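So you can see what is in the structure, the chains are spelled out below.
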Amino acid sequence: MTETELHGYCYSVYTWIARFALFEKGVEYRLIEVNPFSETGHPAHPFGKVPLLIHNGFQVYETSAITRFLDSAFPGPSLQPVDVQERARSDQIINIIDSYAYWPLVRQVSSHGFFKKAFGLEADQSELACGLDASPKVLAALNELVTEQGLLKTGQLSLADIHLGPMISYFEMAPEGAKLLRSYSKLSQWWETISKRPGIEQSKPKLPR
Ligand SMILES: N[C@@H](CCC(=O)N[C@@H](CS)C(=O)NCC(=O)O)C(=O)O
């Protein structure tokens, strides 16, 4: 019997990405809740973070490695294009997200424009301002890459969509983020389509309204 376990945190955007991929691949799994922001972080993760996947004893961390592993190890729709240029594009988008989008969009704009308030905590306006300053460059680069067919020319759901969806969703939970997103029409249109997928909704963190 195969066993798949995902160690994640209820509000983590990266956990959401891994869960979205698990859903799209139709993988059954056990979700183990670990708070990476606790004093020790995740004890089994050398950097204390989440998510971390264990499949039949094989342990892997780093979200893009997890989603690529899930795509290759499980049947179901292929989430990585065969065409080499499209695959490079998908990898490029995932790297842009990890290197340039996560911090300003999620940790600054979403955290300080939505999250802190939702949890009755004090937001740091200077962090929000820094995030809003840094976001346009990232949104413009992503907007430029959106094709008429979707994020990729194949028009199929890919790991790039799965990586970007939760980040954009968190970003637009902040009113300032939602307003900024509207200036990038191709990206907004892409988000309009992806946000309707059952997989993104089903794996979405339960947040206070
Ligand atoms: N490069 C990691 C990043 C994971 C990450 O930053 N996860 C956040 C939650 S969304 C975390 O664990 N943060 C805890 C911390 O930064 O101390 C990946 O791709 O999995």
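Our subject is the structure listed above.
These numbers were taken from a predicted model, which means no experiment stands behind them.

*Asks:* How should the site of the ligand be read in this particular structure?
*Replies:* Every residue close to the ligand is listed here: Ser12, Val13, Tyr14, Pro36, Phe37, Lys49, Val50, Pro51, Glu62, Thr63, Tyr102 and Arg107. Within the side chain of Lys49, a nitrogen or oxygen atom sits 2.7 Å from an oxygen atom of the ligand. At 2.9 Å, a side-chain N or O of Glu62 approaches a nitrogen atom of the ligand. For the shell around the ligand, the secondary structure elements donating two or more residues are helix H1 (13–25) and helix H3 (84–118). Within the shell around the ligand, the residues separate by chemical class into 7 nonpolar, 2 polar and 3 charged.

*Asks:* Hey, could you run me through helix H7 (residues 185–194) in this one?
*Replies:* Residues Leu187, Ser188, Trp190, Trp191 and Ile194 constitute the buried set of H7. Across the axial projection of H7, the buried residues extend over an arc of 160°, all falling on one side. Along H7, exposed side chains directed more than 90 degrees from the buried face belong to Gln189 and Thr193. In this structure, the buried side of H7 is in contact with helix H4 (125–145), helix H5 (159–173), helix H6 (175–181) and helix H8 (198–202).

*Asks:* Even after reading the chapter, I still don't get the pairing of strand E1 (residues 4–8), so can you show me in this structure?
*Replies:* On any regular strand, side chains alternate: one points to one face of the sheet, the next to the other face. Across the 5 residues that make up E1, a large majority, 5, are buried. Alternating residues of E1 divide into Thr4, Leu6 and Gly8 and Glu5 and His7, and every residue in both groups is buried. Summarising the sheet, E1 and strand E2 (residues 30–33) pair through 4 bridges and their orientation is parallel. Across the sheet, the residue bridging to Glu5 is Arg30, located in E2. In this fold, the crossover linking E1 to E2 by way of H1 has right-handed handedness.

*Asks:* Honestly, helix H2 (residues 63–73) in this entry has me stumped. Any pointers?
*Replies:* Residue pairs three or four apart in sequence face the same way in an α-helix, which turns once every 3.6 residues. Regarding H2, the residues found buried are Thr63, Ser64, Ile66, Thr67, Leu70 and Asp71. The arc that holds every buried residue of H2, seen down its axis, measures 160°, which confines them to one face. Here the buried face of H2 lies against H1, strand E3 (52–55), strand E4 (58–61), H3 and H5.

*Asks:* Before we go on, may I ask you to explain the side chain of Glu86 in this structure?
*Replies:* Mapped onto the fold, Glu86 is located in helix H3. Lys153 provides the closest opposite charge to the buried, salt-bridge-free Glu86, at an N-O distance of 4.6 Å. A polar atom in the side chain of Glu86 sits 2.8 Å from the backbone nitrogen of Lys153. Among all residues touching Glu86, those that are not within four sequence positions of it are Pro81, Leu152, Lys153 and Thr154.

Parameters and conventions
Residues numbered from 1 in each chain as written. Predicted model: local features only at pLDDT ≥ 70, side-chain atom pairs only at ≥ 80, totals over all residues. Heavy atoms only, no water. Near = heavy atom within 4 Å. Polar contact = N/O pair within 3.5 Å; in protein donor to acceptor, adjacent residues only side chain to side chain. Helix = DSSP H or I, 4+ residues; strand = E, 2+ residues; numbered from the N terminus. Nonpolar A, V, L, I, M, F, W, Y, C, P; charged D, E, K, R; others polar. Buried < 20%, exposed > 50% of the residue type's maximum accessible area, 1.4 Å probe, protein only. Arc of directions from axis to C-beta. Contact = heavy atoms within 4.5 Å. Pairing = 2+ DSSP bridges. Right-handed = clockwise from strand over helix to strand, strands pointing away. Lys, Arg positive; Asp, Glu negative; His and termini not counted. Salt bridge = Lys/Arg side-chain N within 4 Å of Asp/Glu carboxyl O.

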